[in-house]
Amino acid sequence: METAFAQMLPPVASDVAGNWDTLFLFLVGVSVVFFVIVVGSMLWFLIKYREKEPGQKVGNIVHNDKLEFLWITIPTILVMIIFAWGWIVYKRMVDAPESAYDIKVIGKQWLWQFQYDNGKTTIGELIVPEKIPVRLIMTSDDVIHSFFLPDFRIKNDVVPGMYTKVWFQANEQGEHTIFCAEYCGNAHSKMMGTVKVVSLSEWETFQKGKGAPKERPASLVEWGQQLYTDKGCFACHSVDGVKGIGPSFKGIWGKQEEMSDGSHILVDENYVRESIEYPGTTKDKLVKGFPPVMPTFKGLIAEEELNALIAFIKNLKE
Ligand code: CUA
């Protein structure tokens, strides 16, 4: 039964996930047993003590010592077991080992940004080593988000003005999806990311500053398309002309865009670059009909990456 049950849950990808699942299985088991006892006896009483003839008198039963003793002690013991067991698993989830590697997480509308000790920053992709405890120190740039990694069974709110933490130890190499589990605005459902668990040697290469271990497409346009997904642009900007939180990228290249103050700006290399690094907050730089909500990507996108994104946008003809 345990395996059938396990198949219904997300993969067990962290150290604590197995402990969590066993406790959850126990809770479900206890609930099923009590459901059968309560609903079963209810149905049985319904039939056994039904009115057999009109005006039938019923006896007056006051109490039953043996039954009352059982229904007080058994649930009390069960609840204490659940408390102690839950406490043990909770402590494991909360207390990170001293040796844990710290990664800073910043949530913002609507992307996840990760900062490492080597000064690197990644967006939408968290690189972690396998079999080493990692602690995430998280904060928000704007509103409350929630960092949720179902495969690792960890979740915590990400709150502006304070730091919250989670930690985990990934079992093996692979990729897992990060969700935002707190409604944080229009593109909340698209505020996703990936955890990439890499081998120790890949981790060391990454630490030494040789870049994220990711295949780079040969063409600039394809690379730009990959960045469009990885950097989270897709959350606000469509590529099919549908109006999102920001303007669609389709066919904007070479257009005279109307700004909030009624002026026009030519969408060219410089405008795209400026909009990525210093998103419009003044009316003469903000496209008409859109709110000034884009976070700055200054320092988060390398020059070559900017070129790739520009090539990608340029390629999206009307
Ligand atoms: Cu961030 Cu929902």
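Our subject is the structure that appears above.
Residues numbered from 1 in each chain as written. Predicted model: local features only at pLDDT ≥ 70, side-chain atom pairs only at ≥ 80, totals over all residues. Heavy atoms only, no water.

> Looking at this structure, how should I read the packing of helix 6 (residues 269-277) against helix 7 (residues 303-315)?
Close contact between helix 6 and helix 7 brings their axes to 10 Å; oriented N to C, the two are set at 120 degrees. Here helix 7 runs oblique to helix 6, going by the angle between their axes. Where helix 6 crosses over helix 7, the two elements pack in a sense that is right-handed. Across the interface between the two elements, Glu-269, Val-272, Arg-273, Ile-276 and Glu-277 of helix 6 pack against Glu-303, Leu-306, Leu-309, Ile-310, Ile-313 and Lys-314 of helix 7. (Axes fitted to C-alpha atoms, helices over the stretch in contact; angles between N-to-C directions. Helix = DSSP H or I, 4+ residues; strand = E, 2+ residues; numbered from the N terminus. Parallel < 35°, antiparallel > 145°, perpendicular 65-115°, else oblique. Left-handed = near helix turned anticlockwise from the far one by under 90°. Contact = heavy atoms within 4.5 Å.)

> Could you clarify how one ought to interpret the pattern of salt bridges in this entry?
Close approach of charged atoms lets side chains of opposite charge pair. Following the criterion strictly, the structure yields 14 salt bridges and no others. Note that Lys-104 and Asp-117 form a salt bridge whose closest N and O atoms lie 3.9 Å from each other. Of the two residues, Lys-104 is situated in strand 1 (residues 101-108) and Asp-117 in the loop between strand 2 (111-115) and strand 3 (121-123); the sequence distance between them amounts to 13 residues. Note that Glu-277 and Arg-273 form a salt bridge whose closest N and O atoms lie 3.5 Å from each other. Of the two residues, Glu-277 and Arg-273 are both situated in helix 6; the distance of four residues between them amounts to about one turn of the helix. One network of salt bridges, with partners in common, ties together Arg-273, Glu-277 and Lys-298. (Salt bridge = Lys/Arg side-chain N within 4 Å of Asp/Glu carboxyl O.)

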